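Understanding the architecture of this molecule
Residues per chain are reported as follows:
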Amino acid sequence: MTTPVLEIRNLHARIEEREILKGVNLVIPQGEVHAIMGRNGSGKSTLSYVLAGKEDYEVTEGEILLNGENILEMEPHERAAAGLFLAFQYPIEIPGVATMTFLKAAINAQRKARGEGELTTPEFMRAVKEAGAQLNVDSDMLKRPLNVGFSGGEKKRAEIMQMALLKPSLAVLDETDSGLDIDALQVVSKGVNALRDGKRSMLVITHYQRLLNHIVPDVVHVFSDGRIVESGDKDLALQLEAKGYADYDGQAA
Amino acid sequence: MRQTFPVRLGAAEESLIAQLKAAGADQAAERVTVAGLPTRRVEAYHYTDLKTLLRAIPPLAQAANEASGTALRVPGAYALSIVNGAVLNAATAPEGVKVGKTHGGVLTNRDDVIVSVSNALATETLSLDLKGAIEQVVQIDHRIEGEAGHVADATKIFVADDSSVVVLETFSGSDAAHVGNHATYLALGKNAVVTHVTIDLSGRATSHFATNEYHLADGAQLRTLVIHAGAGLARTHLFPKMEGEGAHADVTGLNLVSDGQHSDITMETQHAVPYTSSQPLFKSITRGRSKSVVQGKLIVARDAQKTDAKFMHQGLMLSDEAEILSKPELEIYADDVVCGHGSTCGKLDEDSLFYLLSRGIPKAEAETILVRGFIAELIDPIEDEALNEALQGIVDGWLLGN
Ligand SMILES: Nc1ncnc2c1ncn2[C@@H]1O[C@H](COP(=O)(O)OP(=O)(O)O)[C@@H](O)[C@H]1O
Ligand SMILES: [Mg+2]
């Protein structure tokens with residue numbers, strides 16, 4: 001059996017003395033798309049931040065293996081170079097930093113970390129143009145400072161475009177559907193689906209079932225109070241939509 | 001009310017008085033004798049107490065035997081040099097640039113020791129008459145060379161109506177305890193468009209003082225950018241005066257201060273007539289135990305209705321020990337104006353940093369990107385590509401610890 005792209009073992013994490021993740025176990029084999037559903041405040045974003053290595057969180061127990069390698073000791077930028085990508089629930093606006101400058105810095109930093117040469121400017125421009133075309137990210141958006149003044153939909157499209165450029169082996173999408181109207185949702189989903197190539201794995205976090213009609217998951221996990229309480233196929237999402245999360249309350253305690 | 005009891009004079013004041021007397025500037029000498037160098041009790045020097053900060057005034061600098069060459073080469077620029085106060089002959093001036101030499105000070109007299117010393121001691125004055133659309137950056141490269149010396153140099157620039165030019169002044173020299181007192185008088189004719197960039201790249205031992213006085217006629221558009229990135233003690237005093245309807249000034253500046261440095265930009269903008277505007281925007285970036293001071297005063301005359309002016313100062317602290325001091329002042333005599341001020345101060349934003357890291361950008365590079373982003377508003381409007389790049393280079397060099 002090939003090594004899973006992601007393996008989380010008994011992960012506990014806290015922020016400011018408060019335990020948020022309380023024993024997460026999750027295995028995502030190569031090429032699979034897993035969805036995590038859970039109500040607001042259950043710790044989904046926390047899981048995504050802990051995966052990406054945000055400093056504010058303290059991991060007190062457990063392991064995270066990315067392609068078989070423990071990443072807990074790695075810096076966030078090393079995790080990115082190792083193949084992890086997080087599409088933020090709230091992408092950060094950074095005034096004064098040109099989107100193109102940022103994209104180039106990111107691509108070349110990752111290439112360098114992997115011992116690959118930097119992209120030439122024409123190669124870079126071509127890559128950006130291709131990725132942008134798929135996600136309706138036009139040159140006007142690329143000329144603006146990073147995420148500044150982007151609408152909710154533009155921000156999410158820009159995130160997926162970054163993912164297309166950075167070609168991660170594991171993409172974590174945190175509520176990529178939030179703030180999107182139906183049209184934007186379709187563009188984003190199409191962009192995400194185009195990146196499903198049988199090898200790349202994804203963890204799609206959402207609290208609405210709606211997104212999963214567009215990005216059809218292989219496995220659905222229910223997240224409650226800091227851990228996965230049930231797993232099933234895509235029908236589980238439909239059941240959740242019908243019944244809500246109430247059944248799971250208290251179960252995790 | 002002026003205090004009448006005599007102040008105790010220190011070594012710096014004694015030397016200064018002797019130099020002023022020798023130059024025949026009895027009035028200026030008398031003023032220093034009575035008042036001494038300004039202390040924190042003098043409003044304009046509240047955060048930059050010269051009596052404490054300026055312990056010695058070196059002898060007046062002699063003509064330099066050797067010059068180190070410009071500290072900032074900008075490809076394509078037409079460069080003139082002023083070394084130890086002497087204006088050096090330069091290459092043939094481009095069309096529209098007339099270079100001359102005169103004598104004496106260039107600043108309007110006011111109750112300010114730096115101004116009166118400049119007017120008293122400046123001997124050779126560089127004069128520039130600029131006309132037409134001048135494509136080449138005109139660089140005035142000020143240097144103080146050799147042993148520690150006191151230099152007062154002066155430049156008078158006239159930009160004709162409907163003309164445009166970018167003037168760059170750079171300050172550098174040997175790393176000795178120089179005191180530089182540099183004056184620039186810049187008059188903008190009707191609808192003239194001028195960018196004036198001044199950059200201090202002096203050695204750490206140097207004390208750098210500059211006074212820039214601007215006069216803007218109808219429709220004139222001025223952009224200034226002061227960068228302090230060298231001297232241990234640096235103070236630039238800006239006096240823009242909006243004298244014609246439709247005049248506008250973007251008065252900007254940047255203090256880059258490292259451990260042990262003290263940099264001060266003090267601005268006093270006068271809106272003298274109706275329908276003028278100014279947008280003063282200053283930034284401070286500090287690290288180590290250092291101090292950055294930005295003071296901005298907007299004076300709006302009684303009939304200067306419809307004045308639109310906002311002073312802004314933003315500080316970025318890269319260390320906990322640094323101090324960033326901000327003092328806005330509004331002195332408004334007209335009633336139909338839009339004036340304001342604001343200031344902010346903070347560290348690099350953690351969330352922004354994490355966002356960049358999460359994309360694979362290592363920490364040092366991510367910080368550089370964010371700092372560059374912080375000052376982009378100041379550097380981006382400098383359209384000359386070579387100059388823009390040179391400015392970026394100064395900032396990057398500073399970040400690397402140079
Ligand atoms: N910086 C923080 N300090 C303290 N508690 C936090 C912080 N960030 C998130 N939390 C708490 O952690 C819990 C999980 O939040 P989050 O992971 O954002 O949930 P979700 O993404 O599932 O809505 C919430 O109760 C939230 O209030
Ligand atoms: Mg969330």
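Residues numbered from 1 in each chain as written. Chains lettered and ligands numbered in written order. Predicted model: local features only at pLDDT ≥ 70, side-chain atom pairs only at ≥ 80, totals over all residues. Heavy atoms only, no water.

As annotated in an unreviewed UniProt entry, chain B carries the name SUF system FeS cluster assembly SufBD core domain-containing protein and comes from Devosia riboflavina.

Naming follows an unreviewed UniProt entry, where chain A appears as Cysteine desulfurase of Devosia riboflavina.

So, on to the coordination of the magnesium ion (ligand 2). Residue and element names in this part refer to chain A. Surrounding the magnesium ion (ligand 2) are the protein donor atoms Ser-45 (OG) and Gln-89 (OE1), which sit 2.1 to 2.3 Å from the metal. On the criterion of sequence distance, the pair formed by Ser-45 in helix α1 (residues 44-52) and Gln-89 in the loop between β6 (84-87) and α3 (99-113) is long-range, its members being 44 residues apart. Accessibility expressed as a relative area gives 12% for Gln-89, which makes it buried. (Donors = N, O, S within 2.8 Å, 3.2 Å for Na, K, Ca; no water. Helix = DSSP H or I, 4+ residues; strand = E, 2+ residues; numbered from the N terminus. Buried < 20%, exposed > 50% of the residue type's maximum accessible area, 1.4 Å probe, protein only.)

Inspection of every chain in the model, using the stated rule, returns 8 aromatic pairs over all chains. Residues Phe88(A) and Phe354(B) carry aromatic rings whose centres are separated by 5.8 Å and whose planes lie at 55° to one another, so their mutual orientation is tilted. With Phe88(A) in the loop between β6 and α3 and Phe354(B) in helix α5 (residues 350-357), this residue pair bridges two chains. Take Phe88(A) and Phe354(B): they sit in the same class, and that class is buried. An angle of 45° between the planes, with centres 6.0 Å apart, marks the rings of Phe282(B) and Phe311(B) as tilted. Note that Phe282(B) is positioned in strand β16 (residues 281-286) and Phe311(B) in strand β18 (residues 308-317), a separation of 29 residues in sequence. For Phe282(B), a relative accessible area of 0% corresponds to the buried category. Taking relative accessible area as the criterion, Phe311(B) reaches 1% and is therefore assigned buried. Here the aromatic residues Tyr49(A), Tyr57(A), Phe88(A), Phe102(A), Phe354(B) and Tyr355(B) are joined through ring pairs into a cluster of three or more. Positioned over the ring face of Tyr45(B) is Arg235(B), at 3.8 Å from the centre of the ring. Sitting above the plane of the Phe374(B) ring, Lys283(B) keeps its charged end 4.7 Å from the centroid. (Phe/Tyr/Trp six-rings, centres within 6.5 Å; stacked < 30°, edge-to-face > 60°. Lys NZ or Arg CZ within 6 Å of the ring centre and 35° of its normal.)

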